[in-house]
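Reading the structure
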Amino acid sequence: MADVADDLDKLLADVRKTISDNRQFLEKLVDEKVEDDAGSEAEAKSVEEDFEEL
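Quick caveat, the model's predicted, so the values are computed rather than measured. (Residues numbered from 1 in each chain as written. Predicted model: local features only at pLDDT ≥ 70, side-chain atom pairs only at ≥ 80, totals over all residues. Heavy atoms only, no water.)

**Looking at a nonpolar patch on the surface**
A surface patch of nonpolar side chains, about 640 Å² in accessible area, is lined by Met1, Val4, Leu8, Leu11, Val15 and Ile19. The topology assignment puts valine 4 in helix 1 (residues 2-53). Classification of valine 4 as partly exposed rests on a relative accessible area of 47%. (Patch = residues over 30% accessible without salt bridge, like charges linked within 9 Å, V, L, I, M, F, W, Y side chains within 5 Å. Areas by Shrake-Rupley, 256 points an atom, 1.4 Å probe, with all protein chains shown as cover. Salt bridge = Lys/Arg side-chain N within 4 Å of Asp/Glu carboxyl O. Helix = DSSP H or I, 4+ residues; strand = E, 2+ residues; numbered from the N terminus. Buried < 20%, exposed > 50% of the residue type's maximum accessible area, 1.4 Å probe, protein only.)

**Observations regarding the pattern of salt bridges**
Any two side chains of opposite charge can pair, so long as their charged atoms come close to each other. Summed over the entire model, instances satisfying the criterion amount to two salt bridges. Its salt-bridge partner being lysine 10, residue aspartate 14 comes within 3.2 Å of it at the nearest N-O pair. Of this pair, aspartate 14 and lysine 10 both sit in helix 1, four residues apart, which is roughly one turn of that helix. Overall, the relative accessible area of 38% leaves aspartate 14 in the partly exposed class.

**Observations regarding a negative patch on the surface**
A grouping of Glu27, Asp31, Glu32, Glu35 and Asp36 is seen on the molecular surface, where their side chains present a negatively charged patch. Residue placement: glutamate 35 occurs in helix 1. Look at glutamate 35 and you get exposed, because its relative accessible area is 57%. (Lys, Arg positive; Asp, Glu negative; His and termini not counted. Charge placed at Lys NZ, Arg CZ, Asp CG, Glu CD.)

Set out below in structure tokens:
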């Protein structure tokens, strides 16, 4: 019975680590997307400004 409890504890620890890893991965993706969007907006504004100058 103790082996089952140890196995369950190990499984639970593995699941928590996987969840933590996935959360960090998703946060990194969101941060990258926000940076990409900010860069795209700045680029779009510069294109608009160039167009207005013509």
